[in-house]
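Structural overview for review
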Number of protein chains: 8
Amino acid sequence: MDLRTILEKFARGAITVEEAQKAISIHSVEHVGGIAKLDVGREMRRGLPEIIFAERKEYADTLRIAQAAVKRNGQAIVSRAKKRDLKKLAGALKKKGLQVEIGRNSTTFLVSDGKRRQKASGAVGVMAAGTSDIGIAEEARLVAESMGCKVVASYDVGIAGMHRVFPALKAMLEQNVGAIVVVAGMEGALASVVASMVDVPVVGVPASVGYGFGGDGIAALASMLQSCTLGLAVVNIDNGVGAGAFAASIAKKRA
Amino acid sequence: MDLRTILEKFARGAITVEEAQKAISIHSVEHVGGIAKLDVGREMRRGLPEIIFAERKEYADTLRIAQAAVKRNGQAIVSRAKKRDLKKLAGALKKKGLQVEIGRNSTTFLVSDGKRRQKASGAVGVMAAGTSDIGIAEEARLVAESMGCKVVASYDVGIAGMHRVFPALKAMLEQNVGAIVVVAGMEGALASVVASMVDVPVVGVPASVGYGFGGDGIAALASMLQSCTLGLAVVNIDNGVGAGAFAASIAKKRA
Amino acid sequence: MDLRTILEKFARGAITVEEAQKAISIHSVEHVGGIAKLDVGREMRRGLPEIIFAERKEYADTLRIAQAAVKRNGQAIVSRAKKRDLKKLAGALKKKGLQVEIGRNSTTFLVSDGKRRQKASGAVGVMAAGTSDIGIAEEARLVAESMGCKVVASYDVGIAGMHRVFPALKAMLEQNVGAIVVVAGMEGALASVVASMVDVPVVGVPASVGYGFGGDGIAALASMLQSCTLGLAVVNIDNGVGAGAFAASIAKKRA
Amino acid sequence: MDLRTILEKFARGAITVEEAQKAISIHSVEHVGGIAKLDVGREMRRGLPEIIFAERKEYADTLRIAQAAVKRNGQAIVSRAKKRDLKKLAGALKKKGLQVEIGRNSTTFLVSDGKRRQKASGAVGVMAAGTSDIGIAEEARLVAESMGCKVVASYDVGIAGMHRVFPALKAMLEQNVGAIVVVAGMEGALASVVASMVDVPVVGVPASVGYGFGGDGIAALASMLQSCTLGLAVVNIDNGVGAGAFAASIAKKRA
Amino acid sequence: MDLRTILEKFARGAITVEEAQKAISIHSVEHVGGIAKLDVGREMRRGLPEIIFAERKEYADTLRIAQAAVKRNGQAIVSRAKKRDLKKLAGALKKKGLQVEIGRNSTTFLVSDGKRRQKASGAVGVMAAGTSDIGIAEEARLVAESMGCKVVASYDVGIAGMHRVFPALKAMLEQNVGAIVVVAGMEGALASVVASMVDVPVVGVPASVGYGFGGDGIAALASMLQSCTLGLAVVNIDNGVGAGAFAASIAKKRA
Amino acid sequence: MDLRTILEKFARGAITVEEAQKAISIHSVEHVGGIAKLDVGREMRRGLPEIIFAERKEYADTLRIAQAAVKRNGQAIVSRAKKRDLKKLAGALKKKGLQVEIGRNSTTFLVSDGKRRQKASGAVGVMAAGTSDIGIAEEARLVAESMGCKVVASYDVGIAGMHRVFPALKAMLEQNVGAIVVVAGMEGALASVVASMVDVPVVGVPASVGYGFGGDGIAALASMLQSCTLGLAVVNIDNGVGAGAFAASIAKKRA
Amino acid sequence: MDLRTILEKFARGAITVEEAQKAISIHSVEHVGGIAKLDVGREMRRGLPEIIFAERKEYADTLRIAQAAVKRNGQAIVSRAKKRDLKKLAGALKKKGLQVEIGRNSTTFLVSDGKRRQKASGAVGVMAAGTSDIGIAEEARLVAESMGCKVVASYDVGIAGMHRVFPALKAMLEQNVGAIVVVAGMEGALASVVASMVDVPVVGVPASVGYGFGGDGIAALASMLQSCTLGLAVVNIDNGVGAGAFAASIAKKRA
Amino acid sequence: MDLRTILEKFARGAITVEEAQKAISIHSVEHVGGIAKLDVGREMRRGLPEIIFAERKEYADTLRIAQAAVKRNGQAIVSRAKKRDLKKLAGALKKKGLQVEIGRNSTTFLVSDGKRRQKASGAVGVMAAGTSDIGIAEEARLVAESMGCKVVASYDVGIAGMHRVFPALKAMLEQNVGAIVVVAGMEGALASVVASMVDVPVVGVPASVGYGFGGDGIAALASMLQSCTLGLAVVNIDNGVGAGAFAASIAKKRA
């Protein structure tokens, strides 16, 4: 029984004040989250892509869910597909007339119906410190693009070769990026370095690269959290998807 | 010897091409960071307040440094003053004709010459889950205000009383905040909850509250990093200053 | 504007269906948590005492809050009062005609107006492995008693003297306890041992006793979590309050 | 030599007082645990299913042990069978005329002779935050059902979609559950959220889902232990079996 | 009612077989631990000193408990007395005609009535790597001596001066020690080194010395556990009392 | 040039005092460890079996090294052979006329020439808490037997069924064991329980069993180190070899 | 546009002072790292080999990159090649007329064109505690040799057989090594022991050997960091490449 | 009995070959470490200052030990004196005619008789990232100077102001430093940055600065160990003394 029905029943005397009050109360309890969302967060939800974590899904399930998501929203991110499923998935989706863009060194891809409805608004920079970090960076790029942002990407720009950071940053600033995602494993210093040089918010993504003490991204995470540079916030280790979405939500506002 | 001088000397033949080239090279090495900053990051730097960490400084030093900073920039944040110095510092600065605003439950304050030059641009929400977190939240508020943002603060809005979150969020969204800082200790769930309900970027600050396993902010940090909600990034435990600056840098762009 | 008012206005035609619908929607968003609680959790909330964590509160604040809570609910738990405030607080509250029961070896106390409204229903066992754990155990006892449970307490019953466990358990089982709280530091084995011998749910509380590797309750926590004995669940280190409330909520149901 | 024999021998003068005393003493040492159990814990033991951890057992051993257990008790839980053995085990047991119920997304199953002797008494709620947690939740369900409880299960009810929590809780409360098991990985917030909304004891099971800092269930565990909500206790990461048994032992008492 | 009484009552027909059986059963449950100990562990218990952990006890309590223990057993170890109580305690006990031996650099002491009943049997070596470790080593010495062992102690024999180890070991071996306690903080290497050179069991005690990564005894503990040298077992960090008792129990058997 | 040669040369004037002194000095530096060992530790070394860690060795190498070791010492322990090599190794060694005893549930075995030279002296108890711990326990048994000790083994004696501990301990004490090895995973409580009941030194071996928080033996290790029971020392997780050797070295002394 | 061109243009009036200044400024930003490096670090860079981490590279990529590096520098280190690629890589490179030296027990190799241009200067000692550490030690050896150092290697020199350390050290000191790399897993004591005996800097490499508490090199790392011996610094666990380069950079200076 | 005496006795027939052999053997065992050191490490030992850790020493003891050390070696380092003793110690030593140099922001000082015997040989750079790190850096400086090195120090050169690093490095390279000590807390990035820019070995000292996750130097340590830059090794957190000695031992060789 929806709210209008309750009210109409009440208006025509079919239920008493007490009955109406109770019915509305139950109604509130049942739909409370939904209401909150629909009323408060509606605009944003439209911008966010649907993310399908394929890591633990069977091939057929992923395929079906991805198609349904594209039907609903025009596009979807399929994240961390199983390696052996990747090509097969892409092939099957293309056969259905969909467009598929697979991230470099990555098993994450963007699938869409080609009718990208969002106009490009806002630009995001994505930087990766080493070749092993590119897959994570690509997750960020695909998500930001699916949210309608232009992405200026620059990979393999490590702290050991800091001279490569300067031209990359210059390109990003020239494109007027609203936020920069920096993916970095090992000691993770690149994120601090970048944040100390620019005036746009930097989102650090520690990458699970490295070995021994502080390996698997822990040193990079600690390093980024300890950074005394203002203008840097982080997401969890390897969370390229989250970083891309966060950066795009900043950049779009700006645009 | 600055660049112009080198060039002028070279122009009038006082130095050879080789000498000029070498002088410029040395000049580059010496001032490289500075140049990069001046050219690239200038706009942002102007917006960021000077932060004086007073925790390990002597009373006299803090006083002197704070005055100098206000002279330079019109204002400064003095963060984590020693408890026994707080009132004395505030008093001394006021005597010099400066304005001092001390954060609630906090030993951080904003000192300024009253001629706030930045026009208010952008709004930031600051939310704290429990009374113990207010001090950290106040750091964020003072920093964001010093950067010219309007701050909508709401404290003591915990997960145990989630019903208090809704009106607080409503107020923030009505004020059109560009980002929301959420300070939360214990299990830190508030940050995820807020991020799942709004469409503005949320900056989580784990607070060093709690005891036993996961105490001192570790559970809150882990919780925020693990959150499957998009739109949430974090700074280090108790880093109210960093969160405030990050949020303000987003909000200002938006404005 | 409360729900009844909205409905009455609507009934007498003061507002349209659309206006009523919108007003109810806003009402829902604002009070959602509150409604959910009032409707769903009302019965339980009545049973739970108000807990006032005095650790970081000033003397005057604690006093005032405690009095207000007793006025509201007839009783309150003041937990972890500052040592130097304990006697003063108890004295001041007694002067106001209130009854105060301080836990043994503890700075937690129960304050009430003497008109205990809850009839005793259900019994809870509380066991502590060593003298250092008694303070935590007393927190559990006071909370369970404030919830109307009879408590059978037995302290200083350690693993090194397992023979002391048997008569204690026997007494608890004879009193028909619905749950047993076991507080244990060091290796925390007592909780497993008890859970392996009885058929009532056991709530383990690791105590922050011990030193070196696994000290501060970590070994006890790990031990209890690893226990292969069914019938044991745990709360955080030193969380006597939580254990008492959990055990009492089980025991009351049973009664 | 059992106690009666000793006493009879002593009564007819076949052994002296001293001999009787010594014989009884030896008797005590040998059977002490057994006696304690038989006398004290008898009732509960009858209710608990036999759990066969198949993870490190060979196919043939698991089969044999499971059959023997069903013969003894009418039913048994086979937990974490090897994936490749699951179907084969189920088939072989069915051929023997036994009934097998495999948990969804799980390698745990309940095998019984179909003559369930326990009458349904008490209800337990089981909630899982994400699809990856269902296997753990199913362990809890099967154990609780084997103990004679009715189970109201609701899966895929996550924090990101909190609106799905309300109807699920409503259904559980309507069924009068005596305890609710909440399985949650990632940030594990669901357990706190549920415990803050209901007046029945909640048993949290952190699931080994998640990655990076706090992954493998550590963030969820920390979060649940830190929760400031009363009415929540936890078992170890992924310990669905333990949670189900604990919840059922509460619910049965209530019934 | 003790066992003999039960039996005698039964013998003279005052109770039936069934009554006797039940009385004995209850007796077993109540005293089970105690019986087990008295029958099985009696010899050893006599050897072990009573340990009074004074760390959290009030001056008056420690004094009283210590006197009672000496009355019972002729001697007692008072461990980790508060610094400010140490001299006062020693003085008070001496006034009562007791003998007090305080460990060097330690707040642990042995108090006895001077009528040492145990004849020296077995010798134990105690070695400390640095001056900071002497307090822990003295705990081991006092406990071992109280158990009737001769102790050959050698302090300040560090890995940095390995040449000092040889004469110390030589002295111990000449005294025919049955076990050697090695207290070592920092990297804890001394325990491995000693174990690799002698043919008596070595008990390692990591000392909570050191700083930074692996400080507080963690590096020493890890090091000793990792040692590939056979003949080394460890106790917890700073557990001099436990090491002394363990070593003495080995050495006495040998004697 | 050995010492005698140097001395003889010197005696017959072939070298000067200075030359002799220098030659001896060099000789010392070169053979110092060896000398120390030969002189100091000789007796023990004879007792210790040679341990061949086969885990990272190729089949052929393990075979060759094992044969050589048996030739030298009459026997050797091959520890943690690769599963696929185990039978093949045993077969090949038997073909050479050697005797091979493989540990139950284990890939460790004792190989010998059948002419066991050591007369049995001393007895050692070996106890395992669960079936998963048997492999580790068997390592301890084989090592202790190879050192000439009689071993009284009792497996699957867990804390959940403490009543099974009593008869096992009784049997060990009747055999006059000089030390007891207790292997226990999960919460590791068995080691404390045993140590609290007997008067022989107990060597705890945490087993890498268990999951979630404190899994992989960490809870068991912490638990054993925290135990407040005197008479318990530990070796590293899964170090059955070390525990067996340590226990045997105690037991042999006693015999 | 390089600096000379800018200056020449300026000199002949093709650009103004302002234009020259701006061009130089951009030039600085773009090439800043490069300039700094070229000017400051040039000499060293020449000495360092190119390291190709093959662990995550495809066979064909590794081959191509290795050949290119040899072309550029005459040699290259291919580190951690996949086991299955190792022989194939070596074969393919030899067919191209290159020289390949594979490290013992290692998948790291040095490939060169045979025209080693660096004259041997300086010697480095490389010591490994156990056979499992040899692979790491070989990485250090190959890197140091590629930098023109003579390497004195000594493997399988463990703490358990300290007598083997002396002749190894003697050989190294006789060869006048400028630094010694010590690779050690388990308790890692060898590094301290060596540093306490020699007067050359020692570079410790913890090896990821060991199990249980402190396994995977953590105990060795902690141990080396805690060492109270002056003259010891460490690199990360298993970082043989870094240790070899560091040691060689010391040794070369000395030569 | 020293070696010469043994030999002379033997030469004149006072002892037999066998007696001589045995006497030498005992002599070896006793003095083995000493011999090894005297013969092998003599040169270096002369260079190393005596370090007196005053942290746990009484005022009088520190004074006495320091004077004795200066008498023996001409100088000594007193490290981490208690704050309240610092001035008093310095005053007392000066009164004795000694020279005292206290480190800035430090409680470590160098005391000498003014007759510095070591000629300056080699230069060492010492760099600190923040003002809080200066005390640690000063420890390194004083130790390196006491070993006869010239020290080029540059403090407060942080990553946030990377432009300050260049002139500092330039000054160090101009002074021809043989090694650079870099002290850095928080994220510790400075050490990697410096190592990537220079061709001299860099010794990283993580400082126990920072808070929250990775605080107390752990992030800095992890960061430095993870650094992919060759030419960087580390010592433990806050180990300025060790870093200074290590760097000086490199620099002196070079000189």
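Each residue is numbered by its place in its chain's sequence as written, counting from 1. Throughout, the order in which chains and ligands are written sets their labels, letters from A for the former and numbers from 1 for the latter. Reporting of local features is limited, given that this is a predicted model, to residues whose pLDDT is at least 70; pairs of side-chain atoms are given and counted only at 80 or more, and all residues count toward the totals for whole chains, interfaces and linings. As a convention, hydrogens and water are excluded, and side-chain values are obtained from all of the structure's heavy atoms.

Attention now moves to the sheet that holds strand 3 (residues 99-102) of chain D. Residues and elements named next belong to chain D. Strand order in this open sheet of four strands is 1-2-4-3, and the pairing throughout is mixed. Two strands close off the open sheet at either side, each with one partner strand: strand 1 (51-53) and strand 3. Taken over all neighbouring pairs, the strand axes of this sheet differ in orientation by 20° on average, direction set aside. Pairing between strands requires that DSSP locate at least two bridges from one strand to the other. Think of it this way: any DSSP run of H or I at least four residues long counts as a helix, any run of E at least two long counts as a strand, and we number them from the N terminus. As judged from the three bridges shared by strand 1 and strand 2 (residues 75-79), these two strands associate in the parallel manner. If you follow Ile 51 over to strand 2, its bridge partner there is Ile 77. Between N-to-C directions, angles cover 0 to 180 degrees, with each direction set by a line fitted to C-alpha atoms, over the stretch in contact for helices.

This next bit is on the packing of aromatic side chains. Only Phe, Tyr and Trp rings are paired, with Trp represented by its six-membered ring, and only when their centres lie within 6.5 Å; those with planes under 30 degrees apart are stacked, over 60 edge-to-face, the remainder tilted. Under the criterion given, the structure shown has eight aromatic pairs over all chains. Taking 4.4 Å as the distance between ring centres and 55° as the angle between the ring planes, the aromatic pair formed by Phe 213 of chain A and Phe 213 of chain E counts as tilted. Note that Phe 213 of chain A is positioned in the loop between strand 8 (202-206) and helix 9 (218-226) and Phe 213 of chain E in the loop between strand 8 (202-206) and helix 9 (218-226), a pairing that runs across two chains. The same class applies to Phe 213 of chain A and to Phe 213 of chain E, which are both buried. Throughout this description, the term charge over a ring refers to an Arg CZ or Lys NZ atom that lies within 6 Å of the ring centre and within 35 degrees of the ring normal. Sitting over the face of the ring of Tyr 59 of chain B, Lys 88 of chain B holds its NZ or CZ atom 4.3 Å from the ring centroid. Sitting above the plane of the Tyr 211 of chain B ring, Arg 80 of chain C keeps its charged end 5.8 Å from the centroid. Only protein chains enter the accessibility calculation, which uses a 1.4 Å probe; a residue whose area is less than 20% of its type maximum is buried, one above 50% is exposed, and one in between is partly exposed.

Residue and element names in this part refer to chain D. Both strand 3 and strand 4 (residues 109-112) contribute to a ladder of four bridges, which runs antiparallel. Residue pairing across strands places Glu 101 opposite Leu 110, the latter belonging to strand 4. In this antiparallel pair of consecutive strands, strand 3 and strand 4, the connection spans six residues, and Asn 105 shows a positive phi of 50°.

What follows covers the packing of helix 9 of chain E against helix 9 (residues 218-226) of chain G. The angle between the axes and the distance between the axes are what describe a pair of packed helices. Between helix 9 of chain E and helix 9 of chain G, the shortest axis-to-axis distance is 8 Å and the interhelical angle comes to 130°. Considering the angle they form, helix 9 of chain E stands oblique to helix 9 of chain G. Along this stretch, helix 9 of chain E crosses helix 9 of chain G, giving a crossing that reads as left-handed. Where helix 9 of chain E approaches helix 9 of chain G, its residues Ala 219, Ala 222, Ser 223 and Gln 226 of chain E are matched on the opposing element by Ala 219, Ala 222, Ser 223 and Gln 226 of chain G. The class makeup of the residues in the contact of helix 9 of chain E with helix 9 of chain G is four nonpolar, four polar and no charged. Any angle that is under 35 degrees is reported as roughly parallel, and any over 145 degrees as roughly antiparallel; angles of 65 to 115 degrees are reported as roughly perpendicular and all others as oblique. Definitions for this section: a left-handed crossing has its near helix turned counterclockwise from the far helix by less than a right angle. A right-handed crossing has that turn clockwise. Contacts are assigned to residue pairs that have any heavy atoms within 4.5 Å of one another. Think of it as three bins: nonpolar holds Ala, Val, Leu, Ile, Met, Phe, Trp, Tyr, Cys and Pro, charged holds Asp, Glu, Lys and Arg, and polar takes everything else, Gly as well.

Attention shifts here to the domain arrangement of chain A. All names here are of chain A. Segmentation of the chain into domains, including their bounds, is taken from an automatic or database domain assignment. As far as domains go, chain A holds domain 1 (3-112) and domain 2 (123-254). Of all residues in domain 1, the largest losses of buried area upon contact with domain 2 belong to Arg 80, Glu 101 and Arg 104, amounting jointly to 33% of the total for that side. Whenever Lys or Arg places a side-chain nitrogen within 4 Å of a carboxyl oxygen from Asp or Glu, that contact is recorded as a salt bridge. Taken together, the connections running from domain 1 to domain 2 amount to two salt bridges. Its salt-bridge partner being Glu 139, residue Arg 80 comes within 3.0 Å of it at the nearest N-O pair. N or O atoms within 3.5 Å of each other form a polar contact, as long as, within protein, one can give a hydrogen and the other can take it, and as long as residues adjacent in sequence are counted only when both atoms are side-chain atoms. Here domain 1 is connected to domain 2 by six residue pairs in polar contact (both at pLDDT 80 or more). Residue assignment for the side of domain 1 that touches domain 2 shows that the elements contributing at least two residues are strand 2 (75-79) and strand 4 (109-112). Per element, the largest residue contribution to the side of domain 1 that touches domain 2 is three residues, and it comes from strand 2. Accessible area that two parts lose when put together, with a 1.4 Å probe and added across both, is what the buried area reports.

A few words now on the confidence of the model for chain A. Residues and elements named next belong to chain A. Taken residue by residue, chain A gives an average pLDDT of 82. The fraction at 70 or more is 82%. Every residue is assigned a pLDDT by the predictor, reflecting its confidence on a scale from 0 to 100. For chain A, per-element mean pLDDT is lowest for helix 3 (residues 42-47), which scores 44, and highest for strand 8, which scores 96. Contacts from residues 28-46, a stretch scored under 50 in pLDDT, to residues over four places away or in other chains number 41 contacts. Interface confidence for the predicted complex, expressed as ipTM, amounts to 0.80; the pTM equals 0.83.

A separate point is helix 5 (residues 83-95) of chain A. Residue and element names in this part refer to chain A. Taken together, the buried positions of helix 5 are Asp 85, Leu 86, Leu 89, Ala 90, Ala 92 and Leu 93. The buried residues of helix 5 all sit within an arc of 170° when viewed along its axis, so they share a single face. Facing away from the buried side of helix 5 by more than 90 degrees, the exposed set consists of Arg 84, Lys 87, Lys 88 and Lys 95. Where helix 5 is buried, its residues touch helix 4 (59-73), strand 3 (99-102) and strand 4. Gly 97 occupies a position one or two residues after helix 5 and carries a positive phi of about 85°. It is the directions from the helix axis to the C-beta atoms whose arc is reported.

Counted under the stated rule, the structure contains 51 salt bridges over all chains. Notably, a salt bridge pairs Arg 64 of chain C with Asp 61 of chain C, separated by 3.2 Å at the nearest N-O pair. Residue Arg 64 of chain C and its partner Asp 61 of chain C are both found in helix 4 (residues 59-73); the two are separated by three residues, about one turn of the helix. The closest approach of N and O atoms between Glu 138 of chain G and Arg 141 of chain G, which form a salt bridge, is 2.8 Å. With Glu 138 of chain G and Arg 141 of chain G both in helix 6 (residues 134-146) and three residues apart, the pair spans about one turn of that helix. In this structure, Glu 138 of chain G and Arg 141 of chain G share a single accessibility class: buried. Counted as one network, the salt bridges with shared partners bring together Glu 101, Glu 138, Arg 141 and Glu 145 of chain A.

We now examine the side chain of Ser 106 of chain H. Residues and elements named next belong to chain H. Structurally, Ser 106 can be placed in the loop between strand 3 (99-102) and strand 4 (109-112). By relative accessible area, Ser 106 is classed as buried at 12%. If we ignore the near neighbours within four places in the chain, the residues touching Ser 106 are Leu 86, Gly 135 and Glu 138.

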